[in-house]
Amino acid sequence: MSTDEDAILQLRTSYLQSVPAIKIPFDNLFSSVEADWDFQTRLYNTVLRKDATAYHPAGLYRRQFLKSMIESLQKKIGDDGEIYDDILILYSALLSQPESLDDITKPTYTTYLLPSTDGFTYEGDPQIVVSERRSLLSANGHTGSRTWEAALALGEYFLSSASPVKSFRNHTVLELGAGTAFTSILLSKLQAKHVLATDGSEFVCEAIRTNITLNKCANNISVSQLFWGTSQEDSFIYSDLWDIIIGGDITYDSRDLSDLVFTLKKLLKNNVERGAYAIISATVRNEDTIEEFESHLKTAELGFSMNEINSDLRRLWYYGSDTAIRIYTIRLGVY
Ligand SMILES: C[S@@+](CC[C@H](N)C(=O)[O-])C[C@H]1O[C@@H](n2cnc3c(N)ncnc32)[C@H](O)[C@@H]1O
């Protein structure tokens, strides 16, 4: 890929994921390109133009992105250089839009571009679009209304050479505490036999249905409300057959760990003949909570191995924080 194409791809990736403008290294990206009229035209057509994507980020974000991008471009081309007309027209149109509380509280589209990999083929577009509510005000207090770093790490792990699964075609997958269902949608796109995205919150499940529609992947993915623990012990989910149980950032509240481990054990026990296992990605915000999770696993006689997800394994998307992330592989019985 040429330097120009690489810079445009990096800008497109950041823009679609609504990476905070101050975190985008515009100066660095423009340092090795010509930034002439031709480059700017391609940048506009590939990233900013209305039909460059069906799901542009929120107006407020686009304004901040353009402001930083134009400042950096201007620095690069100097006072004699010209900024491409359509970029300036778009920026002034966004500036003239009135700001409202709606801009902050409305759900916004976040698009995560998927890498081209040798091993995997995607069903549909190589991207995951989710409707996210990043402000707690609009998320009704639900943590499941945005995609968390642990879900990104889990997705990146499945796309890496370290993944225990080389093809999902014969696998049925159950996700616990799915949130936006980023990982479920990824595995659906990786052509899993079937994926069931579950969450304890009906509000979150409703949002997952929207995300499935956005990604046009309804053929092999469904949604069901599931609260961990004994309260839904009779759910069909426990008698259906699963090869892998997954979860991202579901180990943060020590009050839920016993219910979570109850659910994991019941599912693993019911699917032991299939060789089922669970892969849980945990952000280590509090070491004591993670130790508690491990101790619940040991008490339940669930064996586990663990991989630390360091910065080398966080390359595909913007994570927003470098808090430690661990991926646990869990099986029935002691390892
Ligand atoms: C921090 S979010 C993580 C969402 C998603 N997996 C991700 O990583 O982006 C935790 C999710 O777990 C769900 N959850 C929390 N406690 C639960 C419980 N006891 N039973 C089922 N789901 C629960 C929440 O509704 C929320 O969607």
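Student: Could you give an account of the overall build of the protein chain, naming the residues involved and the relevant values?
Tutor: Summing up its helical and strand segments, the protein chain has 12 helices and nine strands in all. Its C-alpha radius of gyration of 22 Å places the protein chain within 12% of the 20 Å reference for a compact globule of 335 residues. Dimensions of the protein chain, computed from C-alpha atoms along their principal axes, come out at roughly 70 × 40 × 40 Å. Classification of the 335 residues of the protein chain by burial places 38% in the buried group.

Student: Go over the domain arrangement of the protein chain, please, and point to the residues and values.
Tutor: Considered domain by domain, the protein chain is made up of domain 1 (3–99) and domain 2 (110–332). When each unit is reduced to the centre of its C-alpha atoms, the spacing between domain 1 and domain 2 is 33 Å. Each side of the interface is counted separately: domain 1 has nine residues, and domain 2 has seven residues.

Student: Got a sec to walk through the environment of Gln74? Specific residues and values, please.
Tutor: The topology assignment puts Gln74 in helix H4 (residues 59–77). Placed 39 residues apart in sequence, Gln74 and Ala35 show a C-alpha to C-alpha distance of 9.5 Å.

Student: Give me the lowdown on the pairing of strand E9 (residues 325–332), citing residues and values where you can.
Tutor: Bridging between strand E7 (residues 277–283) and E9 involves six bridges; their strand directions are antiparallel. Across the sheet, Ile279 pairs through a bridge with Thr329, a residue of E9. Bridge count for strand E8 (residues 302–308) against E9 is seven bridges, and the pairing is antiparallel. Among the inter-strand pairings, Ser305 is bridged to a residue of E9, identified as Thr329.

Student: Break down the site of the ligand for me, with residues and values.
Tutor: Around the ligand, 23 residues are found, and the nearest of them are Gly144, Gly177, Gly179, Gly200 and Gly248. Tallied by class, residues from the shell around the ligand come to nine nonpolar, 10 polar and four charged.

Student: Quick rundown of the nonpolar core? Include the residues and the values.
Tutor: Counting 63 residues, the largest nonpolar core has Ile245 and Leu264 as the members making the most contacts within it. Every residue in contact with Ile245, bar those within four places of it in the chain, is listed here: Leu174, Leu176, Leu264, Leu267, Ala276 and Ala278. Among the nonpolar cores identified, the runner-up in size contains 21 residues, and Ile8, Leu11, Leu29 and Leu48 belong to it.

Student: Report on the packing of helix H1 (residues 3–16) against helix H3 (residues 37–48), specifying residues and quantitative values.
Tutor: H3 packs onto H1 with a crossing angle of 35° between their chain directions and a minimal axis gap of 10 Å. In the packing of H1 onto H3, the handedness of the crossing is right-handed. Side by side, H1 and H3 meet where Asp4, Ile8, Leu11, Arg12 and Tyr15 of the first sit next to Phe39, Arg42, Leu43, Thr46 and Val47 of the second. The residue makeup of the contact of H1 with H3, split by class, is six nonpolar, one polar and three charged.

Student: Give a description of the environment of Leu302 that names residues and reports values.
Tutor: Mapped onto the elements, Leu302 comes out in strand E8. When the C-alpha positions of Leu302 and Lys265 are compared, they lie 7.2 Å apart, and in sequence the two are 37 residues distant. Residues within four places of Leu302 in sequence aside, it is in contact with Val261, Leu264, Lys265, Leu268, Leu297, Ile330, Arg331 and Leu332.

Student: How would you explain H3 if you had to name every residue and give the values?
Tutor: Three or more residues of H3 are buried, namely Gln40, Leu43, Val47 and Leu48. Down the axis, H3 shows its buried residues gathered within 65° of arc, on one side only. In this structure, the buried residues of H3 make contact with H1 and helix H5 (85–95).

Student: Account for the packing of H3 against H5, with residues named and values stated.
Tutor: Geometry of a packed helix pair, given as the angle between the helix axes and the separation of the axes. Running from N to C, H3 and H5 cross one another at 45°; their axes reach a closest spacing of 8 Å. Between H3 and H5, the interaxial angle falls into the category oblique. Contacts from Gln40, Tyr44 and Leu48 in H3 reach Asp86, Ile87 and Leu90 in H5.

Student: Residue-level account of the environment of Pro57, with values.
Tutor: By the element assignment, Pro57 lies in the loop between H3 and H4. Judged by C-beta crowding, with 19 C-beta atoms within 10 Å, Pro57 ranks as partly exposed. Ignoring anything within four residues of it in the chain, the contact list for Pro57 reads Tyr15, Ser18, Arg62, Thr108 and Tyr109.

Student: I'd like a description of the sheet that holds strand E5 (residues 221–225), backed by residues and values.
Tutor: Strands sit in the order E5-E4-E3-E6-E7-E9-E8 across an open sheet of seven strands; the sheet is mixed. The sheet is open, and its two edges are formed by E5 and E8, each paired on a single side. Each neighbouring strand pair of the sheet contributes to a mean axis angle of 20°, computed without reference to strand direction. As judged from the four bridges shared by strand E3 (residues 172–176) and strand E6 (residues 244–248), these two strands associate in the parallel manner. Directly across from Val173, in E6, lies its bridge partner Ile244.

Quick notes on the rules
Residues numbered from 1 in each chain as written. Predicted model: local features only at pLDDT ≥ 70, side-chain atom pairs only at ≥ 80, totals over all residues. Helix = DSSP H or I, 4+ residues; strand = E, 2+ residues; numbered from the N terminus. Rg over C-alpha atoms; globule rule 2.2 N^0.38 Å. Buried ≥ 20, exposed ≤ 12 C-beta atoms within 10 Å, placed from the backbone. Domains from an automatic or database assignment. Contact = placed C-beta atoms within 7 Å. Pairing = 2+ DSSP bridges. Near = placed C-beta within 6 Å. Nonpolar A, V, L, I, M, F, W, Y, C, P; charged D, E, K, R; others polar. Core = buried A, V, L, I, M, F, W, Y, C linked by C-beta atoms within 7 Å. Axes fitted to C-alpha atoms, helices over the stretch in contact; angles between N-to-C directions. Left-handed = near helix turned anticlockwise from the far one by under 90°. Arc of directions from axis to C-beta. Parallel < 35°, antiparallel > 145°, perpendicular 65-115°, else oblique.

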